[in-house]
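Residue-level listing of the chains:
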Amino acid sequence: MTTLNDYFQNYLTNASATNKTEIAAVINVIDTITTVGKEITELLRKGALADIHGEAGAENVQGEQQKKLDVIANDLLLDALTANKYCAGVASEELDDATAANDSGELLVLFDPLDGSSNIDINMPTGTIFSILPYHNQGQSVSNNDFLQKGTDQLAAGYLLYGSSAMLAFTLSEILDINNDGVVMFSLNPSSGEFELVKKNIAIEENTKEYAINASNYRHWLPPMQQYIDEILAGSTGPRGKNFNTRWVAAMVGDVHRILCRGGIFLYPKDTKDPSKAGKLRLMYEANPMSLLIERAGGASTDAINRIMDYAPTDIHQRVAVVLGAKNEVLHVKHLHNL
Ligand code: F6P
Ligand code: MN
């Protein structure tokens, strides 16, 4: 049994003089997020008894109704990360602007404190997503612009899944991953309160027969996306020559977790409901961190055509279309869009 603590200690032992400081900082920040994840897990276990259900009575910057637990999880992460000496600043789905932490810190942290909020009140899976970026203006207070870095610049990314068990999945960037562990998963042992390693080097199969999409938006999709789903629905007698199965958790963390565990494709495509929006999901604290995980596990992550991690961000809350998972399936979606 390897606890998260053992795992991190081993990393530090193997780190060379050149990367030790950066690895130590990243590990420390992941540890802080994980500690908050345990608190959120406890609240979710108590559920209605902890008064975490229902609306908070306010809207976030995206114009969405905040749930009580969105606000609680955001406050817990904000407090813990601003107290972490390695963290120069944080940006969150629930905060209009970035918040400065420690000017001498070398890292920036973006998070979606409670992903899949509509699942809270019905006792279904939710999660916390995080992305860690380098901070280049040490000594100065952070601004929103400091966060506008590409997904390829991420030093680490991951999520906590609050499901029937609580799990932590993360990956370090290729450069920092000195042990070549790729994407790793830990499960929270309720008896000890420790996260224990359950899997490493997670690999996504290139082909799949399982897809996740909210098909109620079908009429708003662009024609290539409609064609993709039409072909899937035609099953073994259609152009794809095989039967597919739908799965939809309504929390991106849950859908990405399933893909990391047993493959598949997840789509939240662009639609024409609100032409001002490039998609529903947010680039900086949903799509980029999930893209790093998926790519490090051998999958692909695009906006249907272009690689998500190559986007040069213009706004910390910008939205993007998302098509991620099994490589050949994601390529097929791109092929339909390029016809
Ligand atoms: O964060 C946005 C989110 O909750 C994702 O986790 C999830 O994939 C999606 O929205 C669910 O949206 P819908 O309302 O279309 O089911
Ligand atoms: Mn979310």
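Preceding this paragraph is the structure being described.
Residues numbered from 1 in each chain as written. Chains lettered and ligands numbered in written order. Predicted model: local features only at pLDDT ≥ 70, side-chain atom pairs only at ≥ 80, totals over all residues. Heavy atoms only, no water.

Q: Which parts of the structure should I look at to understand the overall build of the protein chain?
A: Counting its secondary structure elements, the protein chain contains seven helices and 17 strands. Taking 20 Å as the expected radius of gyration for a compact globule of 339 residues, we find that the protein chain reaches 19 Å, a close match to that expectation. For the C-alpha atoms alone, the extent of the protein chain along its principal axes is close to 55 × 45 × 40 Å. Sorting the 339 residues of the protein chain into buried and exposed places 56% on the buried side. Intrachain contacts of the protein chain at a sequence separation of at least 6 include 64% that bridge at least 24 residues. (Helix = DSSP H or I, 4+ residues; strand = E, 2+ residues; numbered from the N terminus. Rg over C-alpha atoms; globule rule 2.2 N^0.38 Å. Buried < 20%, exposed > 50% of the residue type's maximum accessible area, 1.4 Å probe, protein only. Contact = heavy atoms within 4.5 Å.)

Q: Looking at this model, I keep getting lost on the coordination of the manganese ion (ligand 2). Mind explaining?
A: A four-donor tetrahedral metal ideally has 109.5 degree angles, and a six-donor octahedral metal ideally has angles of 90 or 180 degrees. The coordination sphere of the manganese ion (ligand 2), as far as protein atoms go, consists of Asp 112 (OD), Asp 115 (OD) and Glu 286 (OE), spread over 2.0 to 2.1 Å. Donor residues for the manganese ion (ligand 2) sit on one chain with the sequence pattern D-x2-D-x170-E. This pair shows no difference in class: Asp 112 is buried, exactly as Asp 115 is. (Donors = N, O, S within 2.8 Å, 3.2 Å for Na, K, Ca; no water.)

Q: Which parts of the structure should I look at to understand the nonpolar core?
A: Nonpolar side chains in soluble globular proteins generally cluster together in the buried interior. Core analysis: the biggest nonpolar cluster contains 47 residues, and Val 26, Ile 30, Leu 81 and Phe 170 have the highest contact counts within it. Per element, the largest residue contribution to this core is ten residues, and it comes from helix α2 (residues 20–46). Beyond its immediate stretch of four places on either side in the chain, Leu 81 contacts Val 29, Thr 32, Ile 33, Cys 87, Val 90, Ala 101, Val 109 and Phe 111. Core analysis: the second largest hydrophobic core is formed by 40 residues, Ala 91, Ile 204, Tyr 268 and Ile 294 among them. (Core = buried A, V, L, I, M, F, W, Y, C linked by side-chain atoms within 4.5 Å.)

Q: So what exactly am I meant to see when it comes to helix α5 (residues 252–262) here?
A: Because an α-helix completes one turn every 3.6 residues, residues spaced three or four positions apart along the sequence face the same direction. In terms of burial, α5 is a largely internal element, nine of the eleven residues being buried. Looking only at α5, the buried set comprises Met 252, Val 253, Gly 254, Asp 255, Val 256, His 257, Arg 258, Ile 259 and Leu 260. Taken from the residues just after α5, Gly 263 is the one with a positive phi, measuring 90°.

Q: Honestly, the packing of aromatic side chains in this entry has me stumped. Any pointers?
A: For any pair of aromatic rings, geometry is given as the distance between the ring centres together with the angle between the planes. One pass over the structure, following the stated rule, counts ten aromatic pairs. Ring geometry for Phe 8 versus Phe 170: centroids 5.9 Å apart, planes at 45°, classification tilted. Of this pair, Phe 8 sits in helix α1 (residues 4–14) while Phe 170 sits in strand β8 (residues 166–172), placing them 162 residues apart in sequence. Accessibility assignment for this pair places Phe 8 and Phe 170 in one class, buried. (Phe/Tyr/Trp six-rings, centres within 6.5 Å; stacked < 30°, edge-to-face > 60°.)

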